[in-house]
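In case you want the letters, here they are:
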Amino acid sequence: MHVTIVGAGVVGLALAHELTLRGTAVRLVDMRGRGLGATQASAGMLAPYIEGQHPDLLDLGVRGIGRYDEFIARLRTVTPAPVEYRRCGTLQVATDAAEFAVLDALARRFAGERVPHSLLGASEVRRADPSLSHEVCGALLLPQHGYVSVPDLVAALAAAVEMRGGVVVRDTVLALEPTGAGVRVVTTDSRWVSDAAVVATGSWSGAPLGPVPGVPVRPIRGQLLHLRATPDLLRHVTWGNGCYLVPWADGSLLLGATVEDVGFDERATVAGVRMLLERGQAILPALDGAELAAVRVGLRPATPDELPIVGPVPGLPGVFRATGHYRSGVLLAPLTAHVLATLMCDGHGSVHDDGLALMAGSRFPAVQKP
Ligand SMILES: Cc1cc2nc3c(=O)[nH]c(=O)nc-3n(C[C@H](O)[C@H](O)[C@H](O)COP(=O)(O)OP(=O)(O)OC[C@H]3O[C@@H](n4cnc5c(N)ncnc54)[C@H](O)[C@@H]3O)c2cc1C
């Protein structure tokens, strides 16, 4: 089988990796190059119990993180490219009694659901992460959570795909046309026929590709700061005061993120950077001495219900979608890749209890119109 994947973000790359592992020939096509859409701005957090703000998203997120150990282990068997991946836990911090009451209620809920957690008082927080502000009066520790370095992940996935014969090309796909015997891919520079094609175009999924209709996905801008501090300044991924901090082993700290409904505007703004620095410094005063290495901006692909769209495009044989992952594309990429590759290689009947029904595009009537 030969598959064309439109979009080489984390979703397209993870799918390409999964398909090549199953012996499928893959061509990834991206108008910018690999990993240069929303993916390059991602914090790489794997934190479903914080991000899962409604039950279906929590369900998918828990399935998603459940696949990560195996996903990374399999990637490491294909390529020696290093991938920083740590399940170091998240600390959700409180700075006043009202915030602590919210964490206390969450802790009770997690106790009922048997989700491992610890509710920490002020002195325990100080022991867990000594650099946090003295304003922090408590925290909820979720030890299963963690992060993956997205630049590492993108490089390793691309290397793994290429080592198994896949190709990544820079080009813009204009149309995907089912021919009866396959799908004709029409790009700015070329055209070819594949057995199947997948639209993994993130925030650009609202645009039709010839007969393939757009889907209700809109871009939500996120600005994130890449800071450099001393290694071990922070031990946990830390949430609080309207921001989060992700500590990498080399001393990098990712400080994110804004959530802005401003269309296809990928500019970094003074207001966004100032807000993040103020919020971050309030919980980690030592940020003052950090280097501001980069400002990253990405467009999160958001659907109306904030769940992804994964599966076949109705009425267009051989055409599939994997898009709309909004704030959880890194967390959900291995799950998406597994579900869609199974569907494409083995057929519908072989996909059991993997959240596919939650991600079906048919929940949006417009998706079905050619
Ligand atoms: C600031 C920020 C922080 C985030 N933090 C996290 C986090 O901690 N954890 C998490 O799980 N998620 C996080 N996310 C969300 C995550 O980054 C996205 O959900 C994910 O990157 C989406 O991946 P994608 O492959 O669908 O889209 P993209 O990475 O945007 O890739 C889509 C690609 O399609 C290409 N393309 C579009 N149209 C065409 C065409 N016609 N022809 C060829 N190529 C085309 C584009 O060039 C692009 O490269 C964050 C996002 C942002 C912005």
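Remember, predicted model here, so these are calculated numbers, not experimental data.

K.L.:
Break down the domain arrangement of the chain for me, citing the residues and quoting the values.
P.N.:
A common way to report how large an interface is uses the accessible area buried once the components associate. Partitioning the chain into domains gives domain 1 (2-79 + 150-216 + 305-368) and domain 2 (88-146 + 219-302). One C-alpha centre belongs to domain 1, the other to domain 2, and the line joining them spans 28 Å. At the junction of the two partners, domain 1 supplies 25 residues and domain 2 supplies 28 residues. Here domain 1 meets domain 2 over a buried area of about 2300 Å², counting both sides, of which 65% is carbon and sulfur. Contact with domain 2 buries area across many residues of domain 1, yet Tyr49, Ile50 and Tyr326 alone supply 30% of it, more than any other trio. In this assembly, domain 1 and domain 2 are joined by 1 salt bridge. Residue Glu266 pairs with Arg32 through a salt bridge whose shortest N-O separation is 2.6 Å. Counting across the domain 1 and domain 2 interface gives 7 residue pairs in polar contact (both at pLDDT 80 or more). Put simply, the parts of the chain that give the side of domain 1 that touches domain 2 at least two residues each are strand 3 (45-46), helix 2 (48-51) and helix 3 (55-66). Of the residues forming the side of domain 1 that touches domain 2, the biggest block, 4 residues, is contributed by helix 2.

K.L.:
Explain the pattern of salt bridges to me, using residue names and the numbers behind them.
P.N.:
Under the defined criterion, the tally for this structure stands at 15 salt bridges. Linking Arg109 and Glu113 is a salt bridge whose minimum nitrogen-to-oxygen distance equals 3.4 Å. Its relative accessible area of 37% is what places Arg109 among the partly exposed residues. Connected through shared salt-bridge partners, Glu18, Arg22, Arg74 and Asp346 make up one network.

K.L.:
Tell me what's going on with the site of the ligand, and back it up with residues and numbers.
P.N.:
In the vicinity of the ligand, 38 residues are found, and the nearest of them are Asp30, Thr39, Met45, Tyr326 and Leu331. Interatomic distance of 2.8 Å between a backbone N/O atom of Tyr326 and an oxygen atom of the ligand. Coverage of the ligand by the protein amounts to 98% of the 1000 Å² it exposes when considered alone. When contributions to the shell around the ligand are tallied by element, the ones reaching two or more residues are helix 1 (10-21), strand 2 (25-30), strand 14 (218-228), strand 18 (291-302) and helix 9 (329-346). In terms of residue count, helix 9 provides more of the shell around the ligand than any other element does, 3 residues in total. Its residues assigned to classes, the shell around the ligand shows 19 nonpolar, 14 polar and 5 charged.

K.L.:
So what's going on with the sheet that holds strand 2? Residues and values would help.
P.N.:
Reading across from one edge, 9-2-1-13-20-19 is the order of the 6 strands in this open sheet, with mixed pairing throughout. On the outer flanks of this sheet lie strand 9 (167-170) and strand 19 (309-312), each paired with one strand and no other. Going across the sheet, the axis of each strand differs from the next one's by a mean of 20 degrees, ignoring polarity. With 5 bridges joining them, strand 1 (residues 2-6) and strand 2 adopt parallel strand pairing.

K.L.:
Give a detailed account of the sheet that holds strand 4 (residues 85-86), specifying residues and quantitative values.
P.N.:
The strand order across the open sheet built from 3 strands is 3-8-4, with neighbouring strands paired in antiparallel fashion. Taken across any chain shown, the strands that pair with only one partner, and hence form the sheet edges, are strand 3 and strand 4. Two elements, strand 3 and strand 8 (residues 146-148), share 2 bridges in a ladder whose sense is antiparallel. When the bridges of strand 8 are listed, Met45 appears paired with Tyr147.

K.L.:
Account for helix 4 (residues 68-78), with residues named and values stated.
P.N.:
Buried residues of helix 4: Tyr68, Phe71, Ile72, Leu75 and Val78, and no others. Down the axis of helix 4, the smallest arc covering the buried residues is 120 degrees, so these residues share one side.

K.L.:
How would you explain the packing of helix 1 against helix 9 if you had to name every residue and give the values?
P.N.:
Orientation of helix 1 relative to helix 9, taken along the N-to-C sense of each, is 45 degrees, at an axis distance of 8 Å. Accordingly, the angle class assigned to the pair helix 1 and helix 9 is oblique. Classified by chirality, the crossing of helix 9 by helix 1 is right-handed. For the pair helix 1 and helix 9, the contacting residues are Val10, Val11, Ala14, Leu15, Glu18 and Leu19 in the first and Gly329, Val330, Ala333, Thr336, Ala337, His338, Leu340, Ala341 and Cys345 in the second.

K.L.:
Describe the side chain of His325, with residues and values.
P.N.:
With respect to the helices and strands, His325 occurs in the loop between strand 20 (319-323) and helix 9. The exposure class assigned to His325 is buried, which follows from its relative accessible area of 5%. Within the structure, His325 has its side chain in polar contact with the backbone oxygen of Thr323 (distance 3.4 Å). Setting aside residues no more than four positions away along its own chain, His325 makes contact with Val11, Pro301, Pro308, Val310, Leu332 and Thr336.

K.L.:
Any details on the pairing of strand 20? Residues and values, ideally.
P.N.:
Within strand 20, 5 of the 5 residues are buried, which leaves it mostly tucked inside the rest of the structure. With burial as the criterion, each face of strand 20 is covered, one bearing Val319, Arg321 and Thr323 and the other bearing Phe320 and Ala322. Summarising the sheet, strand 19 and strand 20 pair through 4 bridges and their orientation is antiparallel. Pairing of Val310 across the sheet is with Ala322, part of strand 20. Hairpin connection from strand 19 to strand 20: 6 residues lie between these consecutive antiparallel strands, with Gly315 at a positive phi of about 80 degrees.

Conventions used here
Residues numbered from 1 in each chain as written. Predicted model: local features only at pLDDT ≥ 70, side-chain atom pairs only at ≥ 80, totals over all residues. Heavy atoms only, no water. Domains from an automatic or database assignment. Contact = heavy atoms within 4.5 Å. Buried area = accessible area lost by both parts, 1.4 Å probe. Salt bridge = Lys/Arg side-chain N within 4 Å of Asp/Glu carboxyl O. Polar contact = N/O pair within 3.5 Å; in protein donor to acceptor, adjacent residues only side chain to side chain. Helix = DSSP H or I, 4+ residues; strand = E, 2+ residues; numbered from the N terminus. Buried < 20%, exposed > 50% of the residue type's maximum accessible area, 1.4 Å probe, protein only. Near = heavy atom within 4 Å. Areas by Shrake-Rupley, 256 points an atom, 1.4 Å probe, with all protein chains shown as cover. Nonpolar A, V, L, I, M, F, W, Y, C, P; charged D, E, K, R; others polar. Pairing = 2+ DSSP bridges. Axes fitted to C-alpha atoms, helices over the stretch in contact; angles between N-to-C directions. Arc of directions from axis to C-beta. Parallel < 35°, antiparallel > 145°, perpendicular 65-115°, else oblique. Left-handed = near helix turned anticlockwise from the far one by under 90°.

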